[in-house]
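Okay, here's what each chain looks like letter by letter:
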Amino acid sequence: MSDALNKQKASLSEAERALVSSTQQRKEDNELVALGYEPELRRNRSLYTILFQVLAITAVPFGEGTALTSAIYGGGQLAYFVGWIVVCLLDQCVAVSLSELASKFPTSSGPSYWSFQLLPEGRSRTIFSFITGWVWLIGNITICLSVNFGTASLIAGTATIYHPDWLASDWQLLLIFYAVCLGTFLICAFGNRLLPYVDAVASVWNGLTILIVCVALSVTANAGRHSVADALANYDKSFSGWGNFTFFIGLLPTAYTFSAIGMITSMAEEVADPARDVPTALSLVVPISGVAGLFFILPICFTMPPLQDILNAPQAQAMPYVFHTVMGTPGGGLALMFFLLGVAVFCCISISTAASRTLWAFARDGAIPFSSIWSKLIGDQVPLAALALLTVIQMLLGLVNLGSTSAFTAFASCGVIALAAAYAIVIAISLSTGRKAVSTARWRCPSFIGYFVNVVSIAWVAFQLVLFSMPAALPVTVVSMNYASVVLVGFMFISFVYYVAHGRKVYNGTPVSHGI
């Protein structure tokens, strides 16, 4: 009798939970309708899973590892360590500023939608929304491309641990890149139901990687241990040629690591309570990653081999060389690279998922050629066509590496610049309107804090636009030249041609919000 009652209570409890979940989903769907869109995606993500995804996108060991060379050009340990702290504080201002907008307008359309809603009525806001959306889309595609290609380069660099004289040819590197792109596509396309769990595993893997690297490097230190002064304050300006500006080059790794955090807003329509959960996750990612990152950066600073040797590392990949040298054996280096490559693969999956939602949402608004194709959902409510287009674009752009490795490197900087510019545009518009819209958001800052973080965000982005357009070292050659601004202008010219030829006839801006 007692067992029967317990089963009845448990059954009732499950029914109640299902009812609450159904009621919550109807509420969020009604709010999405108020924003002008019909619910199409499956709301299968919670606060924790969306936080796990943005942590996977941040991927501290991958971002700080693949861009370590920039820190060396920036002077070494001082720029690597202090730069991490400084940029974390600055990017937290950006994250908080975006969180308010994501809470007020929880839709996958992101900045293009925000700019349209914040500006007064008129043709100009439609044009401005189109421009913002294209800058945002270009940033999503190129930053995703940089992650996938960075992963391919890490794989090639890892092989040099056992074969230091081997150098992957352009074709070999391209084929590895294609394998990464296709593998990511298959996982994202056919594992949609499992992706929240993949992101959870990714976050655990990130934490485990940081812990293992911290312990392994600290205990082994085969290349020797530096004093506290050298580990935290060593500053060599001789590598970059930028003189007193050298330190700022060292900010690049951290800025790259946090550049894509805003992409999580494109997942809003798959989150149970996006007006609360998305901004909460976005505001937490920098503090969590900031603290965790210290446990990855500090052991490297204390055990780092000679800086010039790192710059001469095979395949231009610093981390395989650092791990191999510090661990003292190829096996030890390979073991640490195994964990780092896992972080990279998870990052590819998470960032490709977010980028595909951005492309799908922009197509839904009719802002790209053949939008009716790319805005379709197939199977398990997956934007498969948008994901396929994202993959094909990356693979086509990958061909650039056959002709110019320096031009391809510009895609990473272009991604950071475009994403940052999109952030600055919407934050500046919100600020210019007296923060009227975000003042009624569920997740918002006190007024004086909001103004402060908005101003700091715009100033920081303005500096990033300059920083990521500069070559890392002087004198400038055809190889070392930074073509990021050229790439961005080229993409924007394509969008301009499309708008004049056809886009202005079909793109009328995003739907008008009726408030939530």
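Shown above is the structure to which this text applies.
All of these numbers come straight from a predicted model, not from anything done at the bench. (Residues numbered from 1 in each chain as written. Predicted model: local features only at pLDDT ≥ 70, side-chain atom pairs only at ≥ 80, totals over all residues. Heavy atoms only, no water.)

Engineer: What should I look at first to understand helix 16 (residues 330-364) in this one?
Structural biologist: Think of an α-helix as turning once every 3.6 residues; residues three or four places apart then point the same way. End to end, helix 16 covers 50 Å across 35 residues, agreeing with the expected 51 Å (1.5 Å per residue, within 8%). Across the 35 residues that make up helix 16, a large majority, 29, are buried. (Helix = DSSP H or I, 4+ residues; strand = E, 2+ residues; numbered from the N terminus. Expected span 1.5 Å × (residues − 1). Buried < 20%, exposed > 50% of the residue type's maximum accessible area, 1.4 Å probe, protein only.)

Engineer: Looking at this structure, I do not really get the side chain of Ser495. What am I missing?
Structural biologist: Mapped onto the elements of the fold, Ser495 is located in helix 22 (residues 484-506). Sequence-distant contacts of Ser495, that is, excluding residues within four places in its chain, are made with Phe130 and Trp134. (Contact = heavy atoms within 4.5 Å.)

Engineer: Any chance you could explain the packing of helix 6 (residues 111-118) against helix 7 (residues 123-159) here in plain terms?
Structural biologist: Relative placement of two packed helices is described by the angle separating their axes and the distance separating the axes. One way to put it is that helix 6 packs onto helix 7 with a least axis distance of 8 Å and a crossing angle of 160 degrees. Taken together, the axes of helix 6 and helix 7 are roughly antiparallel relative to one another. Note on packing geometry: the crossing formed by helix 6 with helix 7 is right-handed. Residue-level inspection shows Pro111, Ser112, Ser115 and Phe116 of helix 6 in contact with helix 7, the latter providing Arg125, Thr126, Phe128, Ser129, Thr132, Gly133 and Trp136. (Axes fitted to C-alpha atoms, helices over the stretch in contact; angles between N-to-C directions. Parallel < 35°, antiparallel > 145°, perpendicular 65-115°, else oblique. Left-handed = near helix turned anticlockwise from the far one by under 90°.)

Engineer: Whenever I open this one, the pattern of salt bridges confuses me. Can you help?
Structural biologist: Side chains carrying opposite charge are able to pair once their charged atoms draw close together. Counted by the stated rule, this structure contains eight salt bridges. One salt bridge in this structure joins Asp29 and Arg43, with 3.1 Å as the shortest N-O distance. With Asp29 in helix 1 (residues 2-34) and Arg43 in the loop between helix 1 and helix 2 (47-58), the pair connects residues that are 14 residues apart, well separated along the chain. Note on Asp29: relative accessible area 17%, which makes it buried. Judged by relative accessible area, Arg43 falls into the buried class, the value being 12%. When the shortest N-O distance is used, the salt bridge between Asp273 and Arg276 registers 3.7 Å. By relative accessible area, which is 42% here, Arg276 ends up partly exposed. (Salt bridge = Lys/Arg side-chain N within 4 Å of Asp/Glu carboxyl O.)

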